[in-house]
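# Observations on the three-dimensional arrangement
So the chains spell out like this:
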Amino acid sequence: MEELETILKNNRQWADRIEKEKPDFFPKLAKGQKPRYLWIGCSDSRVPSNVIAGLEPGDMFVHRNIANVVNNNDLNILSVMEYAIRVLKVRSVLVCGHYGCGGVKAAMENHPHGMVDNWLRPIKEVYQENRKEVDRIEDEESRINRLVELNVKKQVERVANSTIVQDAWADGQQLSVHGLVYSLENGHLTDLKISKIDRSGTPEIFHVSE
Ligand code: CO
């Protein structure tokens, strides 16, 4: 029970502190949310979205899974994206990978890891598509880190090509999709500069029109 007690104690201290500093914080948030960001990141405990982005509760809608994969048959992420983009009308989608990602490392290996091998299959495909470039890198850690970046790029494309984002852009909704990578070594977020700000940056086959 010690783990739970720690959490409950921390929580009460945190809530008391916020209430003292900003008495209207909780009553205001209780009325509703208007986040500006949707975060799609890795489940890794070392990459807590709000903390590393320096944001408060209410600022960011969050979806995390192993190795930040965007699957267009994943009801979970599709529901999150639809709600965040079409209902809450977030302005930015941030796809964030992180160097040293265990999921990406596992996707580069041939030995079995369990269920997760099915989940990581799209990353194996990204690896296969970029095999020449990645395998040319001598150091293993750097090879993993390059695939981390390529995976973010692929998932940014999947978000941008999704029917949800394409519909939003077709309706003239202002929305940008960004690719970021986080360093566990120094806590820095880096913009991979692969942002998509409208459908002109996406292949025509994904465009939707009436
Ligand atoms: Co990870």
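This structure is a prediction, so every number in the text was calculated from the model and none was measured.

### Re the environment of V181
Tracing the backbone through its elements, the reader meets V181 in strand β4 (residues 176-182). V181 sits 136 residues away from S45 along the chain, and the two C-alpha atoms are 15 Å apart. Sequence-distant contacts of V181, that is, excluding residues within four places in its chain, are made with G97, H98, Y99, V148, H188, L189, T190 and L192.

### Here we look at the domain arrangement of the protein
The domain architecture assigned to the protein consists of domain 1 (1-32) and domain 2 (33-206). Between the C-alpha centres of domain 1 and domain 2 the distance comes to 30 Å. Buried surface at the junction of domain 1 and domain 2, summed over both partners, amounts to about 360 Å²; 65% is from carbon and sulfur atoms. Counting the surface domain 1 buries against domain 2, the share from its top three residues, F25, L29 and G32, is 72%. Remark: the boundary between domain 1 and domain 2 carries one salt bridge. Here domain 1 is connected to domain 2 by one residue pair in polar contact (both at pLDDT 80 or more). Residues that form the side of domain 1 that touches domain 2 fall into these classes: three nonpolar, one polar and one charged.

### Focus on the coordination of the cobalt ion
Those protein atoms acting as donors to the cobalt ion are C42 (SG), H98 (NE2) and C101 (SG), and they sit at 2.1 to 2.3 Å. Read N to C, the donor residues that coordinate the cobalt ion are spaced as C-x55-H-x2-C. Residue C42 is located in strand β1 (residues 37-42), and its partner C101 is located in the loop between β3 (92-98) and α5 (102-107); the two are separated by 59 residues in the primary sequence. C101 sits in the buried class, given a relative accessible area of 2%.

What counts and how
- Position numbers for residues count from 1 along each chain, tracking the sequence in the order it is written.
- For this predicted model, a pLDDT threshold of at least 70 governs which residues receive local features, and a threshold of 80 or more governs which side-chain atom pairs are given and counted, while totals over whole chains, interfaces and linings are taken from all residues.
- Note: side-chain values were computed over all heavy atoms of the structure, leaving out hydrogens and water.
- To qualify as a helix, a DSSP run of H or I must reach at least 4 residues; to qualify as a strand, a run of E must reach at least 2; elements of each kind are numbered from the N terminus.
- Note on contacts: a residue pair qualifies if any of its non-hydrogen atoms lie within 4.5 Å across the two residues.
- Domain ranges listed in this record stem from an automatic or a database domain assignment.
- The term buried area refers to how much accessible surface (probe radius 1.4 Å) is lost by two components on association, counted for both of them together.
- Only one rule defines a salt bridge in this text: a Lys or Arg side-chain nitrogen within 4 Å of an Asp or Glu carboxyl oxygen.
- Think of a polar contact as two N or O atoms within 3.5 Å of one another; within protein, one of them needs to be a possible hydrogen donor and the other a possible acceptor, and neighboring residues in sequence only count if both atoms come from side chains.
- Classes in brief: Ala, Val, Leu, Ile, Met, Phe, Trp, Tyr, Cys and Pro nonpolar; Asp, Glu, Lys and Arg charged; the others, Gly included, polar.
- Donor criterion used throughout: N, O or S atom within 2.8 Å of the metal, extended to 3.2 Å for Na, K and Ca. Water excluded; incomplete-looking sites may result.
- Each residue is placed in one exposure class: buried if its accessible area under a 1.4 Å probe, protein chains only, is under 20% of its type's maximum, exposed if it is over 50%, and partly exposed if it falls in between.

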